[in-house]
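# Observations on the model geometry
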Amino acid sequence: MRFQLDRGVQLRWLPEQIVPLAAAVKLARRCNEFAADMRNRFPGRFRNFAVLQTPFADLAATELEYALDTLQADGVVLPGSTDGVFPGDPRYDELMAELDRRPVTVFVHPNIHATSAQPGLGAPGFLVEFLCDATPAAVNPILTGTLENYPRIRWIPAQSGGFLPYVAWPYPIRRMPAGQLPNSVSPAALHRSRVVAL
């Protein structure tokens, strides 16, 4: 059986090891312009998601405007975490509001960070740590009410949201008292959250 991809999506995200903020700003712009150029040179073959300088909301919002309005990006890719900050953190609120206003498709890709090496397993990051990063990246926007507060954003969590499919989370969380949920998010709000898993 043969399968053929009709269209690819260019994805880039900033590695956490990039410390100088100025370097992150320049790299994001270079990645986005490269992806847009690929799409323009091969129309109908490539699409592109823009990379943003998270968790710096003001810089990310500026790059978002350039990527969508000038480069005509099809969406954005966010890292699962940056320096321990996950989507759903209040530091993302300004960016979330702009993503919701447009609205934008957001692909969340797990990241490798300093704590990834702590288990000392010697396994490549994508084998174990990507799933460990993808799980809170998918859970946090739900529990903090981000999906409820910004309902026009279309989320695409990588790796099916990490371990979510395997822990059957909707069953126990339906029975949690409202006071035990972060930010008093109701179980009903959780069930109204719209997530597309790959």
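Residues numbered from 1 in each chain as written. Predicted model: local features only at pLDDT ≥ 70, side-chain atom pairs only at ≥ 80, totals over all residues. Heavy atoms only, no water.

## A short note on the overall build of the chain
Within the chain one finds 8 helices and 5 strands. In sequence order, the secondary structure elements of the chain are arranged as β-α-β-α-β-α-β-α-α-β-α-α-α. In the chain, which comprises 198 residues, the share counted as buried stands at 43%. Sequence-distant contacts, at least 24 apart, represent 77% of the contacts inside the chain between residues at least 6 apart. Split by element, the accessible area of the chain, about 11000 Å² in all, is 57% carbon and sulfur. (Helix = DSSP H or I, 4+ residues; strand = E, 2+ residues; numbered from the N terminus. Buried < 20%, exposed > 50% of the residue type's maximum accessible area, 1.4 Å probe, protein only. Contact = heavy atoms within 4.5 Å. Areas by Shrake-Rupley, 256 points an atom, 1.4 Å probe, with all protein chains shown as cover.)

## A look at the pattern of salt bridges
Tallying each qualifying case throughout the model produces 7 salt bridges. Ionic pairing is found between Arg41 and Asp37, a salt bridge with its closest N-O pair at 2.8 Å. Taken together, the residues span about one helical turn, with Arg41 and Asp37 both in helix H1 (residues 21-41) at a distance of 4 residues. Looking at Asp37, the relative accessible area reads 35%, which means it is partly exposed. (Salt bridge = Lys/Arg side-chain N within 4 Å of Asp/Glu carboxyl O.)

## Points about the packing of H1 against helix H2 (residues 57-70)
It is the contact of H1 with H2, at a shortest axis distance of 11 Å, that shows an interaxial angle of 20 degrees. Relative to H2, the element H1 is oriented roughly parallel. Along this stretch, H1 crosses H2, giving a crossing that reads as right-handed. On the side of H1, the interface is formed by Leu21, Val25, Ala28, Arg29, Asn32 and Glu33, while H2 contributes Leu59, Glu63 and Tyr66. (Axes fitted to C-alpha atoms, helices over the stretch in contact; angles between N-to-C directions. Parallel < 35°, antiparallel > 145°, perpendicular 65-115°, else oblique. Left-handed = near helix turned anticlockwise from the far one by under 90°.)

## Points about H2
Here H2 contains 14 residues, and its C-alpha end-to-end distance of 19 Å stays within 8% of the 20 Å for a straight helix at 1.5 Å per residue. Every buried residue belonging to H2 is among Ala57, Ala60, Ala61, Glu63, Leu64, Ala67 and Leu68, and all of these are buried. Check the buried side of H2 and you find it contacts H1, strand S2 (46-51), strand S3 (75-79) and helix H3 (93-101). Gln72 occupies a position one or two residues after H2 and carries a positive phi of about 60 degrees. (Expected span 1.5 Å × (residues − 1).)

## Side note on the nonpolar core
Nonpolar side chains in soluble globular proteins tend to end up buried together. If you look at the biggest cluster of nonpolar residues, it comprises 24 residues, and the most contacted ones within it are Val76, Leu95, Met96, Leu99 and Val106. Elements with a contribution of two residues or more to this core: H2, S3, H3, strand S4 (105-109) and helix H4 (129-143). Tallying contributions element by element places H2 first for this core, with 4 residues. With residues near it in sequence (within four places) discarded, Leu95 still touches Leu52, Thr54, Ala57, Ala60, Ala61, Leu64 and Leu78. If you look at the next biggest cluster of nonpolar residues, it comprises 8 residues, including Ala28, Val77, Phe107 and Ile156. (Core = buried A, V, L, I, M, F, W, Y, C linked by side-chain atoms within 4.5 Å.)

## A few points about the packing of H2 against H3
Axis separation between H2 and H3 bottoms out at 8 Å; the angle between their running directions is 25 degrees. As summarised for this structure, H2 and H3 are arranged roughly parallel, according to the angle between their axes. Our pair here, H2 against H3, has a crossing hand that is right-handed. Across the interface between the two elements, Ala57, Asp58, Ala60, Ala61 and Leu64 from H2 touch Glu94, Leu95, Glu98 and Leu99 from H3. For the contact of H2 with H3, a count of residues per class yields 6 nonpolar, no polar and 3 charged. (Nonpolar A, V, L, I, M, F, W, Y, C, P; charged D, E, K, R; others polar.)

## Some remarks on the confidence of the model for the chain
Looking at the chain as a whole, its pLDDT mean stands at 77, while 69% of the residues score no less than 70. When mean pLDDT is taken per element in the chain, H3 scores highest with 94 and strand S1 (residues 8-10) scores lowest with 50. Below pLDDT 50 for its whole length, residues 1-8 participates in 10 contacts with residues either more than four positions away or in separate chains. (pLDDT = per-residue confidence, 0-100.)

## A few points about the packing of aromatic side chains
Summed over all chains, the structure comprises 1 aromatic pair. One residue, Arg29, lies across the ring of Tyr66, its end atom 3.7 Å from the ring centre. (Phe/Tyr/Trp six-rings, centres within 6.5 Å; stacked < 30°, edge-to-face > 60°. Lys NZ or Arg CZ within 6 Å of the ring centre and 35° of its normal.)

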